[in-house]
Each structure stands twice: as structure tokens, then as C-alpha cells.
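Observations on the three-dimensional arrangement
Spelled out, the chains give:
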Amino acid sequence: MRPDKGKPYYSAYDKRYKSVYSQGVDYWSSFPEVIEGVITVLTSLLPVISTADNMKLIELGCGEGCYAGHISKMGIKYTGLDISETAVSKAKKRFDDRKIKFISGDMTVCREIKENAFDFALDISSLHMLVVDQDRNKYLSTVERILKPGGRAIFLNESYRENSIKCRIETYEQWLSISGTDVDSSETRKAFQNGLPINIDIPRIACRPKSKDQYRDEILSHGFKNFTVLSHTESSISFTAIKGKNQVQS
Ligand SMILES: C[S@@+](CC[C@H](N)C(=O)[O-])C[C@H]1O[C@@H](n2cnc3c(N)ncnc32)[C@H](O)[C@@H]1O
């Protein structure tokens, strides 16, 4: 399976982290306006509580773990999980705090996580990395499994397009040909080196935008209710949902 032989397509992000660090950039996720925006949303959604309450949050596709410190300071026990060992090792070096834990693993299965384990599941720009329907379904079922009943799933900054592709996507190759994504070429992107913006060339990664209705339908069909859009721009959307079934009206 392209681009990494023998590895699932969604592990491709590891190459991007390696490429970013080899070009002298300390952290890929260091865009101040993005970080500030996410922290503002999290501050409004997560309760500020005492450590005695022992609320637990898992961040799926946590990358370099740039929000772990903020979440931990709110008194919430933080676990970050990412398939990229490069990013997870960067994240581990960043923190020495027993309320913060990082695991490398596949979020579509979360093999090492028990059911009903977390009060919150946070996904920042990770769901859209899964382009094949079967992988998205497996992932959303896993999010439902590891959340406590009534737990909240929070999806922030997911790729959004109102007129997005409507057919089922069975394979990665099908997505590449339909979307025209050329993962064999690199792209030039802005990054920060010692606080200053620079341009770097990085591997292109496949990403699947969806419309608001498509996101709502797939979330509600995986055992969630109260789908709520928090905000959207032309190209990105943020929403939350609660684990549980809607009451059927008699
Ligand atoms: C766009 S990055 C976002 C990283 C981080 N959430 C942030 O905002 O900085 C998407 C992340 O999802 C991770 N990812 C993609 N597929 C994954 C999977 N199946 N399991 C775990 N992590 C995955 C990638 O390695 C990458 O770190």
C-alpha cells in the first residue's frame, strides 16, 4: 500500500515529521494562531476542575503533544496517542509530568485502551487523515468504545468542503485518483525556526474533507448524539458530540 510499503497509508505523517526536523525546525505544530485558537476552544469546553475529580482525556493523533501541558494544567489527566513514533518521542521529551502520558499506536483500534476509559476524546485534524471509509468507521467505533457513557468527543480543525466527494472510498488508491492528490511530490509550507517563519519542503499527505452533513451523519451513526458545530471556515470545521443514543420519540 502506497506510500509506505507494508504500512497503512495513514502512517505517512511520520515522514513529514522526520523531514521537518531534518530541516532544522523544532516543532511542526507551532503556528501561534492555530495553537491560540485551539486553546480558546478547549478552555470553553473542558471543565476547570481539581485533580481529585480525576477527569481523563485522550488526544487521538496527538502529534508532538502541543496541547498536553495546557490540558494538564486544567487538572485533567492527559494521554496522547499517535502512530508516528517520531512525533511521540518528540512529545515525550517535552514533558516531565506524571499526569501526562504518550503512547505510540493506531487510533483506529487503540489496542492498549480499555472501554469506557475516558471522559473526553480530543481529535485535532486527525480524523481527516483517514480517507478510506472502513478506516473512518473503525476509528469512530473505537472513539465510542473508549469514551465513558456521556463522554464528549471533540473534533477540531478538520478539513471541510461543502461540496465534497459523496461516493464511498474503498481504497487509498481510489482516493488519490478521485481527489487528484499527488503524494509522490512535495509541497512548500511555512514553519517556524527559533520563532521565525521559514519555508520548507515536506511530503504531501492525503487528507479527506467532508461537508457538515457528512460529518454529522458519520458521527451520529457511530453511537453519538448531540452533534454540535462549534465553528467553520471555508476549509475547516470544529464540532463535538456526546457518547450515547438519541431517545426515540414515541
Ligand atoms: C494533522 S496532524 C495533527 C497533529 C496534532 N493533533 C496537532 O494538532 O498538532 C495528524 C496526526 O494524526 C496522526 N495519525 C494519522 N493517522 C493515525 C492513526 N491511524 N493513529 C494514530 N495517529 C494517526 C499523524 O501521525 C499526525 O500526527
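Above this text is the structure in question.
This structure is a prediction, so every number in the text was calculated from the model and none was measured. (Residues numbered from 1 in each chain as written. Predicted model: local features only at pLDDT ≥ 70, side-chain atom pairs only at ≥ 80, totals over all residues.)

It is worth spelling out the overall build of the chain at this point. Helices and strands together make up the secondary structure of the chain, namely seven helices and nine strands. Expected size for 250 residues packed as a compact globule is a radius of gyration near 18 Å; at 18 Å, the chain falls within 12% of this value. Once the C-alpha set of the chain is aligned to its principal axes, its extents read approximately 55 × 45 × 35 Å. Within the chain, the fraction of its 250 residues that count as buried is 36%. When contacts within the chain are restricted to residue pairs at least 6 apart in sequence, those whose partners lie at least 24 apart make up 65%. (Helix = DSSP H or I, 4+ residues; strand = E, 2+ residues; numbered from the N terminus. Rg over C-alpha atoms; globule rule 2.2 N^0.38 Å. Buried ≥ 20, exposed ≤ 12 C-beta atoms within 10 Å, placed from the backbone. Contact = placed C-beta atoms within 7 Å.)

The next subject is the site of the ligand. The ligand sits among 18 residues. The nearest are Y10, Y13, S29, G61 and G63. Here the residues of the shell around the ligand sort into nine nonpolar, seven polar and two charged. (Near = placed C-beta within 6 Å. Nonpolar A, V, L, I, M, F, W, Y, C, P; charged D, E, K, R; others polar.)

The residue N157 is not glycine, and still its phi comes out positive at about 55 degrees. In this fold, N157 is placed in strand β5 (residues 147-159). For N157, a count of 21 C-beta atoms within 10 Å gives the class buried. The backbone of N194 sits at a positive phi, close to 50 degrees, despite the residue not being glycine.

Further remarks concern the nonpolar core. By size, the foremost hydrophobic cluster in this structure holds 60 residues, and its most contacted members are L57, I71, A121, V143 and A153. What V143 contacts, discounting residues up to four positions off in sequence, is L60, A121 and A153. (Core = buried A, V, L, I, M, F, W, Y, C linked by C-beta atoms within 7 Å.)

Glancing now at the sheet that holds strand β3 (residues 100-104). The sheet built from seven strands is open, its strands ordered β3-β2-β1-β4-β5-β9-β8 with mixed pairing. Two strands bound the open sheet, and with one partner strand each, they are β3 and β8 (224-232). Direction aside, neighbouring strands of the sheet carry axes that sit 15 degrees apart on average. Its contacts with the sheet place helix α2 (residues 32-45) against β4 (118-124), β5, β8 and β9 (236-243), and it is angled at close to 160 degrees to β5. The strands that helix α7 (residues 212-220) touches are β8 and β9; relative to β8, the one it contacts most, it runs at about 155 degrees. (Pairing = 2+ DSSP bridges. Axes fitted to C-alpha atoms, helices over the stretch in contact; angles between N-to-C directions.)

One ladder, built from eight bridges, connects strand β6 (residues 186-193) with strand β7 (residues 196-203); its direction is antiparallel. Looking at β7, one finds that S186 is bridged to P203. In this structure, the hairpin formed by β6 and β7 is closed by a connection of two residues, where N194 is found at a positive phi of approximately 50 degrees.

Glancing now at helix α1 (residues 13-22). Among the residues making up α1, those that are buried are Y13, D14, R16, Y17 and V20. All buried residues of α1 project into a common sector of 160 degrees when viewed along the axis, lining one side. In this fold, the buried residues of α1 make contact with α4 (85-94), β6 and β7. Just past α1, the residue G24 takes up positive phi, approximately 85 degrees. (Arc of directions from axis to C-beta.)

We now examine the environment of V132. If you trace the backbone, V132 turns up in the loop between β4 and α5 (133-146). Given 22 C-beta atoms within a 10 Å radius, V132 is considered buried. Setting aside anything within four residues of it in sequence, one finds V132 in contact with I169, E170, T171, Y172 and W175.

Let us look at the pairing of β4. Summarising burial for β4: seven of the seven residues are buried, a large majority. Across four bridges, strand β1 (residues 56-60) lies against β4 in parallel orientation. Each residue of the ladder has a partner; that of I58, found in β4, is A121. When β4 meets β5, the two strands line up parallel, connected through six bridges. The partner of F118 across the bridge, within β5, is L147. What joins β4 to β5 is α5, and the crossover it makes is right-handed. (Right-handed = clockwise from strand over helix to strand, strands pointing away.)

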